[in-house]
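# Coordinate inspection notes
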Amino acid sequence: MPEMHGIVCRRRAKNSLPDLAKEGDIILGGIFTIHLDPIHDFHTFMLTPKSTGCKSFDFESFRLAQTMIFAIEEINRNENLLPEITLGYSIHDDCSSTAKASKAALALITGEEDSVESLKCRGSSNVAAIVGCDMSTNSIVTARTLGPFGIPQMVNYLRTVNFTAKSGEAVHFDENGDPVPRYEFVNLQTNLKGSVDIVSVGYYDGSAPVGNALTLNIGDIKWSTSGNTIPRAVCSEPCLPGSRRVSRQGQPMCCFDCAECADGEISNVTDSTECFKCPSEYWSNHAKTLCVLKKVEFLSFGEVLGFVLVTLTLAGICFTLITAAIFYRYRETPIVKANNSELSFLLLFALLLCFFCSLAFIGEPSSWSCMLRGTAFGVLFVICISCILTKTILVVVAFKATSPNSKVMNWFRAAHQRLGIFGLTSMQGVVCVVWISVSPPYPVKNMRHYRDIIILECDVGSLTAFYLMSAYIALLSIVCLLLAFLARKLPDSFNDAKYITFSMLIFCAVWITFIPAYVSSPGKYTVAVEVFAIWASSFGLLVCIFLPKCYIILLKPERNTKKLVMANGDSL
């Protein structure tokens, strides 16, 4: 700062509490809580506040201040430690007050004179380092106050200090100014007289080479545990991977319990404080240490259930082909002609496709298989029921038409029958085309039903289209069943209505039973129930409608005459 006459450098007012001080070439500052219980005054901001007073004296902290003074005096008396340099000290009392601690720190930095008139204002005092405070809150305040001034714990001086104490022990400091640690380990042992002996069992020397710092004679130690065994210095055993630590309320952090990770969560390190949740398509292994891919489930051809259903389907296909071959071989016989061979072959063809359709439900779902499952099933069963409904109507009309030239029969010739079946099937076809165009079925991964299994299944897409398709099949089935039931007591020459009634009863019973089974069966069993329902209803139609005719054709050929067929229905 340039010289300026008349300048007054104002500094902090001198502490009213007594200080311990001594001049020297290098001054070491100290701040200790020599007094306790500060007396706080109410500040009006109109008068200069009074200094903080204290009520009681703290001998423990005063001992620390005396220890600092004693250490400085010892250093000064030893000519080998700091030759031609004298240490001084300036120790202040913070009175256990953060305000007093901050004031003492500033006093050590700037000096304590009230004001000085000088040609030149000097800078800070010659305090080289400050020791203290002995209270944590006051230490924080002091550290923040001294931080901008960069005053050092005497590091620059202590780095070069190296001497031998009166006891013969070598004393020196590391690059941080910290003393190199050296400790002796002692064991309190009870002797035969009942008194306690202090026995040295080892030592720690921080200046020793790496690996040789600790020397401990385990055999010389006597433990207080039963059997003189080494006690474990832990409260709780480590938590292994697959578990997490749970703190015990009211106990130290080293005391805890180990809780197994929940399903779907893992921990892969020892003493983990939390478990981590696996991604959506993964699940925890049995040990809860690793996330593994979830098991994927669908009705496959390779498993036992899939093999059984395929076998049943192939059996249905074989029976249908055999029945078609028998009807074709004996197509010119009266019993085949009397049952409208064209409708019979169309029904057999539709049943054959129904058996094949059930195979689309087995295997991993894909876009095409999901669309084929819903639409093919809906259209093919409408063809079957339309054929049976047409046969039922023919039975009723034939009974009502008493004259061979009746005009009523003209409306149910072969062309009209084909047109009726086509019309009924076309309505279902329109629904399926709209369904596929707007919102078709598609494969999905169902992770809601099971937590550790992914179910591959088909979502129906448009629920409205699915319900319309199902409702249309149900409507045709009910109409066919009612007509066949009403026509069951017609003269025996037209008793084909009895077999139609049985077939439709089986068809309706299968699908009514299917609904609760479908809802309650999880995963691949849902598909298995649906496949079995398709097989059972198709096989029921095949057996009830065609088995009696095949019995007559193959085993009772003498009854396969026009006279007997037209005479009484018992021959059928």
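Predicted model, so just to flag it, every value in this text is computed and none were measured.

## Description of the packing of helix 5 (residues 304-329) against helix 7 (residues 341-358)
- Helix 7 packs onto helix 5 with a crossing angle of 165 degrees between their chain directions and a minimal axis gap of 9 Å. Of the possible angle classes, the one that applies to helix 5 and helix 7 is roughly antiparallel. As helix 5 runs across helix 7, the sense of the crossing is left-handed. Two secondary-structure elements touch here, helix 5 through Thr313, Gly316, Ile317, Thr320, Leu321, Thr323, Ala324, Phe327 and Tyr328 and helix 7 through Ser344, Phe345, Leu348, Leu351, Leu352, Phe355, Phe356 and Ser358.
- Residue composition of the contact of helix 5 with helix 7, by class: eleven nonpolar, six polar and no charged.

## Details of the packing of aromatic side chains
- Across all of its chains, the model carries 14 aromatic pairs by this definition.
- Geometrically, the ring pair formed by phenylalanine 57 and phenylalanine 59 is edge-to-face, given 5.0 Å between the ring centres and 75 degrees between the ring planes.
- The exposure class assigned to phenylalanine 57 is partly exposed, which follows from its relative accessible area of 35%.
- The exposure class of phenylalanine 59 is exposed, given its relative accessible area of 63%.
- On the numbers, 5.7 Å between centres and 70 degrees between planes, the contact of phenylalanine 319 with phenylalanine 539 is edge-to-face. Within this pair, whereas phenylalanine 319 is found in helix 5, its partner phenylalanine 539 is found in helix 13 (residues 524-555), the two being separated by 220 residues in sequence.
- The class for phenylalanine 539 is partly exposed, based on a relative accessible area of 22%.
- Over the ring of phenylalanine 256 we find arginine 245; its NZ or CZ atom is 3.9 Å from the centre of that ring.

## What about a nonpolar patch on the surface?
- Residues Tyr183, Phe185, Leu214, Leu216, Ile218 and Ile230 make up a contiguous nonpolar surface patch of roughly 580 Å² in combined accessible area.
- Mapped onto the nonpolar patch, the elements with two or more residues apiece are strand 11 (182-190) and strand 13 (214-216).
- Mapped onto the secondary structure, leucine 214 falls in strand 13.

Rules behind the numbers
Residues numbered from 1 in each chain as written. Predicted model: local features only at pLDDT ≥ 70, side-chain atom pairs only at ≥ 80, totals over all residues. Heavy atoms only, no water. Axes fitted to C-alpha atoms, helices over the stretch in contact; angles between N-to-C directions. Helix = DSSP H or I, 4+ residues; strand = E, 2+ residues; numbered from the N terminus. Parallel < 35°, antiparallel > 145°, perpendicular 65-115°, else oblique. Left-handed = near helix turned anticlockwise from the far one by under 90°. Contact = heavy atoms within 4.5 Å. Nonpolar A, V, L, I, M, F, W, Y, C, P; charged D, E, K, R; others polar. Phe/Tyr/Trp six-rings, centres within 6.5 Å; stacked < 30°, edge-to-face > 60°. Buried < 20%, exposed > 50% of the residue type's maximum accessible area, 1.4 Å probe, protein only. Lys NZ or Arg CZ within 6 Å of the ring centre and 35° of its normal. Patch = residues over 30% accessible without salt bridge, like charges linked within 9 Å, V, L, I, M, F, W, Y side chains within 5 Å. Areas by Shrake-Rupley, 256 points an atom, 1.4 Å probe, with all protein chains shown as cover. Salt bridge = Lys/Arg side-chain N within 4 Å of Asp/Glu carboxyl O.

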